[in-house]
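Listed below, chain by chain, are the residues.
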Amino acid sequence: MERQTQIDRPAVSPFCAAALCLLAVAGLWVTPLVCGLLFAWTGVALPAGLASLAVNILYYGSFMLLPVALCAHRTGSAADALRLNPISVGMMVRISIAAVFCMLIAQNATVLWTALWQALGLDVFAGDAYVRPNGTAGLTLSAVSAAVIAPVCEELLFRGAVLGAWERRGRQRAIAVSAALFAMSHGSLLGLPAELFVGALMALLVLWTDSLYAGMIFHSAYNAAALILQYVSSAPGLEVSAEETALMQADVIAYLGGAPAVFAILIDSALMLMLVAALLRKPRALAFLRDAQAAQIAGEVQPHASDGTSEPACGRAKLPAGEILVLMAAVVTALFFYLSDLLTMLGVLS
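Structure report, in brief. (Residues numbered from 1 in each chain as written. Predicted model: local features only at pLDDT ≥ 70, side-chain atom pairs only at ≥ 80, totals over all residues. Heavy atoms only, no water.)

**With respect to the packing of helix α6 (residues 171–186) against helix α13 (residues 321–345)**
Contact geometry for α6 and α13: axes closest at 8 Å, N-to-C directions at 40 degrees. Between α6 and α13, the interaxial angle falls into the category oblique. Judged by the sense of rotation from one axis to the other, the crossing of α6 with α13 is left-handed. Across from Leu181, Ala183 and Met184 in α6, the residues of α13 making contact are Leu327, Val331, Ala334 and Tyr338. When grouped by side-chain class, the residues that make up the contact of α6 with α13 number 7 nonpolar, no polar and no charged. (Axes fitted to C-alpha atoms, helices over the stretch in contact; angles between N-to-C directions. Helix = DSSP H or I, 4+ residues; strand = E, 2+ residues; numbered from the N terminus. Parallel < 35°, antiparallel > 145°, perpendicular 65-115°, else oblique. Left-handed = near helix turned anticlockwise from the far one by under 90°. Contact = heavy atoms within 4.5 Å. Nonpolar A, V, L, I, M, F, W, Y, C, P; charged D, E, K, R; others polar.)

Set out below in structure tokens:
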């Protein structure tokens, strides 16, 4: 089946995409309140892992999956609007391996970003501590939430609805907006650089492969690798000693080993980034060929964007007032999470 070009493909409207983002961010506030009231009213006391899974199912199902599906259905072809095109097994393997390297790069970036905030005098360890899943059952429940439910639903929203809605305004703008909204929806000040990095990369992958499944596979492999790394590093016998913990809480850079360790982290990240670029060279090259063929068929050649895809013609008209208001509401709602993070690190909130 011949795939549609960006101009021909149906897409969720930009206003609907903005409304979906607002709904997703608002759901971060609403879901815990609703679940708390339900558990209190019914008297049900679920184990921590099962309760967390139930909350995630309610949130992602009610505030992402169902709304995105309804908006995509209204376009007349949900599969085309969300780019639900197949990709090869070989491409899946490449993307999965690249995701693991990107997780390690993001971990390095988060460490250095955390050290920067600590140097500014903030208590970067004041937030909630990691709770290790209890046994195989707990790990399985965590994996279902982190590596299945979250990646699928978040990709449908950010690389499906949002990226497609903004693509007619230019692919570079679509990548930037979808990555920014994706990062803001997580509301984590310390995780911001990593979320922007992977959000932009997943948008590129979806554009290069012309398939939302590329984003889902990358996101799932990334989350699974992060979960396994955190689980293994917190295993009994591998805990950080009290002295090391005190040093880390006082000075992350000193705990790492000072300036030489920072330099090693930067070199390590650069080398892994080169490996990721090599792994993703094929989808980028295929995107060049696909876009060139599409331009030739259309009878016009568009200039190429720096992301490796041809830049479609797009209007530069101002955004409608309604869309701006909805986007601003989503951003302001997300900023409350960042404010909460900042106040916690300042010691204002416990």
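**As for a nonpolar patch on the surface**
Residues Trp29, Val30, Val34, Leu38, Trp41, Val332, Phe336 and Leu339 make up a contiguous nonpolar surface patch of about 790 Å² in total accessible area. Of all elements in the fold, only α1 (14–42) and α13 reach the threshold of two or more residues within the nonpolar patch. A per-element tally of the nonpolar patch places α1 first, with 5 residues. Note on placement: valine 332 falls in helix α13. Exposure remark for valine 332: the relative accessible area of 43% places this residue in the partly exposed category. (Patch = residues over 30% accessible without salt bridge, like charges linked within 9 Å, V, L, I, M, F, W, Y side chains within 5 Å. Areas by Shrake-Rupley, 256 points an atom, 1.4 Å probe, with all protein chains shown as cover. Salt bridge = Lys/Arg side-chain N within 4 Å of Asp/Glu carboxyl O. Buried < 20%, exposed > 50% of the residue type's maximum accessible area, 1.4 Å probe, protein only.)

**Here we look at the packing of helix α7 (residues 192–209) against helix α8 (residues 212–233)**
The geometry of α7 relative to α8 is characterised by a closest axis approach of 7 Å and an angle of 145 degrees between their N-to-C directions. The crossing of α7 and α8 is right-handed. Residues Ala194, Val198, Leu201, Met202, Leu205, Val206 and Thr209 of α7 pack against Leu212, Ala214, Gly215, Phe218, His219 and Tyr222 of α8.

**Quick word on unusual backbone geometry**
With a phi close to 60 degrees, arginine 83 is a non-glycine residue in the positive phi region. With respect to the helices and strands, the residue arginine 83 is situated in the loop between α3 (78–81) and α4 (89–119).

**Some thoughts on the pattern of salt bridges**
A complete count under the given rule lists 6 salt bridges for this structure. Across the salt bridge formed by glutamate 167 and arginine 83, the nearest N and O atoms sit 2.7 Å from each other. Of this pair, glutamate 167 sits in helix α5 (residues 135–167) while arginine 83 sits in the loop between α3 and α4, and the two are 84 residues apart along the sequence. When sorted by exposure, glutamate 167 lands in the same class as arginine 83, which is buried.

**Here we look at the side chain of arginine 169**
Following the sequence through the fold, arginine 169 ends up in the loop between α5 and α6. Accessibility expressed as a relative area gives 14% for arginine 169, which makes it buried. Within the structure, arginine 169 has its side chain in polar contact with the side chain of glutamate 323 (distance 2.8 Å). (Polar contact = N/O pair within 3.5 Å; in protein donor to acceptor, adjacent residues only side chain to side chain.)

**Section: the side chain of serine 145**
With respect to the element layout, serine 145 can be found in helix α5. In this structure the side chain of serine 145 is engaged in a polar contact, spanning 3.2 Å, whose partner is the side chain of asparagine 56. Contact partners of serine 145, with chain neighbours within four places excluded, come to Leu53, Asn56, Ala150 and Pro151.

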